[in-house]
Amino acid sequence: MKNCKTEHDDKQAINYTNQCEKEECVDMEDSKISPEERFTELFNQPPREAQKTLLSKLVDLEANVLLLNLHTGVGKSCLGTFFGRQNPTDKLLYICSNKTLQHQIVTECKHKFPNVGSSFVLYGKRNYFCAERVEELLQDFERMQERKSIERSKIYELADNIPDSTSSIYKFLEMLKFDVLKEGAIDFNVSMEDTYRMKNKLSGDGFERIWSYISCAACKKRFSPKDKKKCAPCCLHRRAYEDWKESDVRIINSYTFFTVANIHEMIFEKYILDNVTR
């Protein structure tokens, strides 16, 4: 008669064998799927004629870096994402040449092609504002207001010593503070600088002055393990980086990539360079 431990070990061995057999069956089924079928699964649409000629080459490509330089209309973003996400466990780094292309790709991945997995875009630090610097400006202004000395406030200085502009900047900063506190008010997949440039009522020069002061690029703190001056967990650039780092498709432009790669250790299974010429 077998003891309980032996019986339990036998059951575990049988379960493990059955699981391996199931995984082998799945692998065999996956291997039978043609590149066109896999493409259709990922993007909910069949490949275009121009794409079909490249799909089999991408499947057989024994490389983890792909440089895309194709004319408009071929569907480069789909081909690049297909190359990087053939294996669902792979993480893809998609390097673009500009912010417009970054936004286009993340929008397509999220709304048109959700089967490719989670996606997130990381912009340069100037595209995010520093919540701490916003709060410091507001508190400084309120202190000076209590003392009836708003002309000594930093906001007044940034407004070129113009009272009406000072009031507009204060309202703009209050809006930013409210958006930080309100869940879902900030879309991290869009450049915050571009978004608030359109939403604010400041003059062009006024917006440039205040944004240059409150952007994360002006903040001296960093969130790299190497840096002693750490930024707060509420830092919007830090929050964007953390979400980006955990995504399946991580989208970045070439300039930001080299800046971030110099600070953080980044390992990816696949890299896509889309029309990156510099």
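Residues numbered from 1 in each chain as written. Predicted model: local features only at pLDDT ≥ 70, side-chain atom pairs only at ≥ 80, totals over all residues. Heavy atoms only, no water.

## Some remarks on the nonpolar core
Counting 64 residues, the largest nonpolar core has F129, F172, L173 and I214 as its most contacted members. Apart from residues no more than four positions distant in its own chain, I214 is found in contact with F129, C130, R133, V134, L137, F172, L173 and L176. (Core = buried A, V, L, I, M, F, W, Y, C linked by side-chain atoms within 4.5 Å. Buried < 20%, exposed > 50% of the residue type's maximum accessible area, 1.4 Å probe, protein only. Contact = heavy atoms within 4.5 Å.)

## Concerning the pattern of salt bridges
Taken as a whole and judged by the stated rule, the model has 14 salt bridges. The partner of K52 in a salt bridge is E49, with the nearest N and O atoms 3.2 Å apart. Linking K52 with E49, this pair stays in helix 3 (residues 49-60), spanning three residues, or about one helical turn. For K52, a relative accessible area of 32% corresponds to the partly exposed category. Judged by relative accessible area, E49 falls into the exposed class, the value being 58%. Between R85 and D248 there is a salt bridge, and its shortest N-O distance comes to 3.7 Å. In this pair, R85 is assigned in the loop between helix 4 (76-84) and strand 2 (92-96) and D248 in the loop between helix 11 (236-245) and strand 4 (249-253), connecting sequence segments 163 residues apart. According to the relative accessible area criterion, R85 is buried, its value standing at 7%. (Salt bridge = Lys/Arg side-chain N within 4 Å of Asp/Glu carboxyl O. Helix = DSSP H or I, 4+ residues; strand = E, 2+ residues; numbered from the N terminus.)

## What about the environment of A159?
Its place among the elements puts A159 in the loop between helix 7 (154-158) and helix 8 (163-181). It is 6.7 Å that separates the C-alpha atoms of A159 and G206, two residues lying 47 residues apart in sequence. Excluding its chain neighbours within four sequence positions, the residues that come into contact with A159 are S165, T166, I169 and R209.

## Regarding the confidence of the model for the protein chain
When pLDDT is averaged along the protein chain, the result is 81; 79% of the residues meet or exceed 70. The low-confidence segment residues 20-29 (pLDDT under 50) makes zero contacts with residues lying over four places distant or belonging to another chain. (pLDDT = per-residue confidence, 0-100.)

## A look at the packing of aromatic side chains
Summed over the entire model, instances satisfying the criterion amount to eleven aromatic pairs. Here Y241 and W244 contribute two aromatic rings whose centre-to-centre distance is 5.8 Å and whose plane-to-plane angle is 35°, an arrangement assigned as tilted. Highlighted residues: Y241 and W244, both in helix 11, separated by three residues, approximately one helical turn. Here the two residues Y241 and W244 agree in accessibility, since each one is buried. The structure contains a cluster of three or more aromatic residues connected by ring pairs, namely F129, F172, Y196, F207 and W211. (Phe/Tyr/Trp six-rings, centres within 6.5 Å; stacked < 30°, edge-to-face > 60°.)

## Things to note about the environment of E132
Tracing the sequence through the fold places E132 in helix 6 (residues 131-146). Note: C-alpha distance between E132 and K177 (45 residues apart in sequence) is 9.5 Å.

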